[in-house]
Amino acid sequence: DAGITQSPRHKVTETGTPVTLRCHQTENHRYMYWYRQDPGHGLRLIHYSYGVKDTDKGEVSDGYSVSRSKTEDFLLTLESATSSQTSVYFCAIRASGGTTDTQYFGPGTRLTVL
Amino acid sequence: AQSVTQLDSHVSVSEGTPVLLRCNYSSSYSPSLFWYVQHPNKGLQLLLKYTSAATLVKGINGFEAEFKKSETSFHLTKPSAHMSDAAEYFCVVRDTGNQFYFGTGTSLTVIP
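Residues numbered from 1 in each chain as written. Chains lettered and ligands numbered in written order. Predicted model: local features only at pLDDT ≥ 70, side-chain atom pairs only at ≥ 80, totals over all residues. Heavy atoms only, no water.

Caption draft 1: Region of interest: the overall build of chain B. Within chain B one finds zero helices and 12 strands. Listing each helix as α and each strand as β along chain B from the N terminus yields β-β-β-β-β-β-β-β-β-β-β-β. Since a compact globule built from 112 residues should have a radius of gyration of about 13 Å, the 13 Å found for chain B is in line with a globular shape. Along the longest, intermediate and shortest principal axes, the C-alpha atoms of chain B span 40 × 25 × 20 Å. Per-residue burial over chain B gives 45% buried out of 112 residues. The contacts of chain B with a sequence gap of at least 6 include a subset with a gap of at least 24, amounting to 56%. Surface summary for chain B: the accessible area is close to 5,300 Å², and the carbon and sulfur share equals 51%. Taking the 8 positively charged and 8 negatively charged side chains of chain B as two groups, their mean positions are separated by 6 Å. (Helix = DSSP H or I, 4+ residues; strand = E, 2+ residues; numbered from the N terminus. Rg over C-alpha atoms; globule rule 2.2 N^0.38 Å. Buried < 20%, exposed > 50% of the residue type's maximum accessible area, 1.4 Å probe, protein only. Contact = heavy atoms within 4.5 Å. Areas by Shrake-Rupley, 256 points an atom, 1.4 Å probe, with all protein chains shown as cover. Lys, Arg positive; Asp, Glu negative; His and termini not counted. Charge placed at Lys NZ, Arg CZ, Asp CG, Glu CD.)

Caption draft 2: Representation of the sheet that holds strand β3 (residues 19–25) of chain A in the model. Residue and element names in this part refer to chain A. The four strands lie next to each other as β1-β3-β8-β7, forming an open sheet whose pairing is antiparallel. If you trace the sheet from one side to the other, it starts and ends with β1 (4–7) and β7 (64–70), each paired once. Each neighbouring strand pair of the sheet contributes to a mean axis angle of 20 degrees, computed without reference to strand direction. Note that β7 and strand β8 (residues 73–78) share five bridges and pair antiparallel. The residue of β8 that forms the bridge with Ser-67 is Leu-75. (Pairing = 2+ DSSP bridges. Axes fitted to C-alpha atoms, helices over the stretch in contact; angles between N-to-C directions.)

Structural data, given as C-alpha cells:
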C-alpha cells in the first residue's frame, strides 16, 4: 500500500461548508495526486503536486484547492462544498523505479455533501 | 493527447472460463500502460504494467496483458476466472508527462 493513509475515511457535511481531506505518505515520494471517483467516469484528476509548494491543476479542479507544505502531506480543500462534490476521493503517490513510474493509491475517503 | 477507452462497461463470465477485458489507448509517444483492480468498497490495486521491456506482461493472480502497438490495444486476460476476480478493472495510460489517464472501468461479474 506504499504507506499512504487518508483522513477522514468517511465524512458527511452540508452544502456551503468547507472541507479538508488529508493524504499522508511515509516514503518521501515527490509526486502526489488527488482523484475523484464517480460511477461511469473512472478516476478523474483534481490536482497533483510535484514537490513542496509545487502543484498543478487536473481535469476537474474547479471548486477545489490543494496545499503541500511538507513532503509527506497533501491536503485537498473544498472551500464551499456542493452536492456535486459528493464522491469518493483517492490520493496517490507516484513511485519511481525500474523502467517506469507507477502510481499507488490510498484507501479513499467517501464524502457526502447534503 | 492521451486517452483510454475500455470497450466494455460490464463483462460477465462463468467461473472457470476465460476472461477478456478490452482496452484501447491513444498516445503521441511510447506509453506506459497499467491495469488496476478495485474490489467493492476498496482501493485500487496494481495488477500489472507495460514498460516496453516485453509486450506480454504477467501480473498478479494469473492475469496478463499484451501490448499491441499496431492495434493500440492493451487487453487484459486470464485463462480461468475465479469468484474472487469479481471487481472493477481500470486501464491507465501515461506518456512522458506527469498525468495518468484512466479508462471508465469494466465491471467483471463471475457467475458460479
